[in-house]
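Topology and contacts: notes
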Amino acid sequence: MPKSVRLKSFELVARDINEIDVGSLHALSVAVGWPHRPKDWDWLRQFGRGIAVVDSIGRVFGSAMWFPYGQDVAMIGLVITTPRSQAQGNARWLMEQVFEECRGRNLYLNSTRAAHNLYVSLGFANEATVWMHQGTVASSLPHLPAPSGDLIEAGIDALGQIIELDTQAFGWKREELFSALAPISTIQTLSRDGKIVGYSICREFGRGHVIGPVVASNDDDALQLIAVHLRNLKGQFARVDTRDTGRLANFLRASDFQVAERVTTMSRGQPLLNRKAGEPWVYGLAGHALG
């Protein structure tokens, strides 16, 4: 696979994303209206892998990252191209570089509407819609009954149980993600009879905070695990990415959240989503790039 591509009058070269100045990456995401701060880019680069395409004088024309979970899976995200280069095939060339690096893995991503046709042409299949709910958290949240179990802020010692529960819900083990999340996040767990049956994670991101991942076995538990963070974020900007269109979505709207965007979960290889009644499920995503 070539590591450079000529687009009409200029040539672009692929470079390791960790070699690129974070200010240039931030400018790239700002140009397409994405909320990533420089520190968000730096955090993602700590445990993800990626490439950026630059011209002969170092200007960044695009990026793509992938987040390996074990040996068999990768989530793809931060696929950004400038309008000038996108029209000349830069996005497709970027994805070809990712395929080369991720050969043999099942690949998953959350596609914007603008990129959807490209991903279909590259062999990705639709699985579900993700709704990005965000807004300033209301000062008065909808009433919820008392939680069915012990809702507590968890420490590092709970990570083993949390990863085990997440693996049941997500389908693949994501130790790398939790190792990166733990130092920068607040983690809440719901336990019954001494066993963790749900968890939620909240961290700073973009304009405020993102709540996710969130894993629970039923709507009631999921609502409790999200509400406990929202109570601490009243008057602040927050975001929850979810595939739910029922009770959770209604609760978020009642908490002054609006749907800002929708994206499509897509797979290339083994399907990702296989929800089973009564078993753990991912109610809230860690982010579009992370699943």
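Everything below is about the structure shown above.
Residues numbered from 1 in each chain as written. Predicted model: local features only at pLDDT ≥ 70, side-chain atom pairs only at ≥ 80, totals over all residues. Heavy atoms only, no water.

Counting its regular elements, the chain contains nine helices and 14 strands. In terms of principal-axis extent, the alpha carbons of the chain reach across some 65 × 40 × 35 Å. Counting across all 291 residues of the chain, residues that qualify as buried make up 55%. Nonlocal contacts in the chain, meaning residues at least 24 apart in sequence, comprise 72% of its contacts between residues at least 6 apart. Summed over all atoms, the accessible surface of the chain reaches about 12800 Å², with 47% contributed by carbon and sulfur. When the 30 basic and 29 acidic side-chain charges of the chain are each reduced to a single mean position, those positions are 6 Å apart. (Helix = DSSP H or I, 4+ residues; strand = E, 2+ residues; numbered from the N terminus. Buried < 20%, exposed > 50% of the residue type's maximum accessible area, 1.4 Å probe, protein only. Contact = heavy atoms within 4.5 Å. Areas by Shrake-Rupley, 256 points an atom, 1.4 Å probe, with all protein chains shown as cover. Lys, Arg positive; Asp, Glu negative; His and termini not counted. Charge placed at Lys NZ, Arg CZ, Asp CG, Glu CD.)

All right, on to helix H4 (residues 90-101) then. Here H4 is 12 residues long and its end C-alpha atoms lie 17 Å apart, about the 16 Å a rise of 1.5 Å per residue gives. Turning to H4, its buried residues number three or more, namely Asn90, Ala91, Trp93, Leu94, Met95, Gln97, Val98 and Phe99. (Expected span 1.5 Å × (residues − 1).)

Taken as a whole, this structure holds six aromatic pairs when the rule is applied. Summarising the aromatic geometry, the rings of Phe178 and Tyr199 are spaced 5.8 Å apart at their centres and angled 70° between planes, so their arrangement reads as edge-to-face. Of the two residues, Phe178 is situated in helix H7 (residues 175-181) and Tyr199 in strand S10 (residues 195-205); the sequence distance between them amounts to 21 residues. Take Phe178: its relative accessible area is 1%, and that puts it in the buried class. Residue Tyr199 is classed as buried on the basis of its relative accessible area, which comes to 0%. In textbook terms, an aromatic cluster arises when at least three aromatic residues are bridged by ring pairs, as seen for Trp43, Phe47 and Phe67. The cationic tip of Arg174 hangs over the ring face of Phe170; the distance from NZ or CZ to the ring centre is 3.9 Å. (Phe/Tyr/Trp six-rings, centres within 6.5 Å; stacked < 30°, edge-to-face > 60°. Lys NZ or Arg CZ within 6 Å of the ring centre and 35° of its normal.)

What follows is about the pairing of strand S4 (residues 60-69). Counting buried residues along S4, 10 of its 10 residues qualify, which places the element largely inside the surrounding structure. With six bridges connecting them, strand S3 (residues 49-54) and S4 associate as antiparallel partners. Bridge assignment links Gly50 to a residue of S4, and that residue is Met65. Connecting the antiparallel pair S3 and S4 is a turn made up of five residues, with Gly58 showing a positive phi of about 90°. Sheet analysis places S4 next to strand S5 (residues 73-81), joined by seven bridges and oriented antiparallel. Within S5, the position partnered with Met65 by the bridge is Gly77. (Pairing = 2+ DSSP bridges.)

Among the secondary structure elements, Val53 is positioned in strand S3. When the C-alpha atoms of Val53 and Leu78 are compared, they prove to be 13 Å apart, with 25 residues separating the residues in sequence. Once residues within four sequence positions are removed from consideration, Val53 is found in contact with Leu12, Val13, Ala14, Arg59, Val60, Phe61, Gly62, Asn90, Trp93 and Leu94.

What follows deals with the pattern of salt bridges. Going through the model one piece at a time under the given rule, you end up with 10 salt bridges. The salt bridge partner of Glu204 is Arg37, with a shortest N-O separation of 3.7 Å. A residue pair is termed long-range when its members are at least 10 positions apart, and Glu204 in strand S10 and Arg37 in the loop between helix H1 (22-31) and helix H2 (38-47) qualify at 167 residues. A relative accessible area of 45% means that Glu204 is categorised as partly exposed. Here Asp241 makes a salt bridge to Arg239, at a shortest N to O gap of 3.0 Å. Since its relative accessible area comes to 8%, Arg239 is described here as buried. Within this structure, Arg37, Asp40 and Glu204 form a network of salt bridges that share partners. (Salt bridge = Lys/Arg side-chain N within 4 Å of Asp/Glu carboxyl O.)

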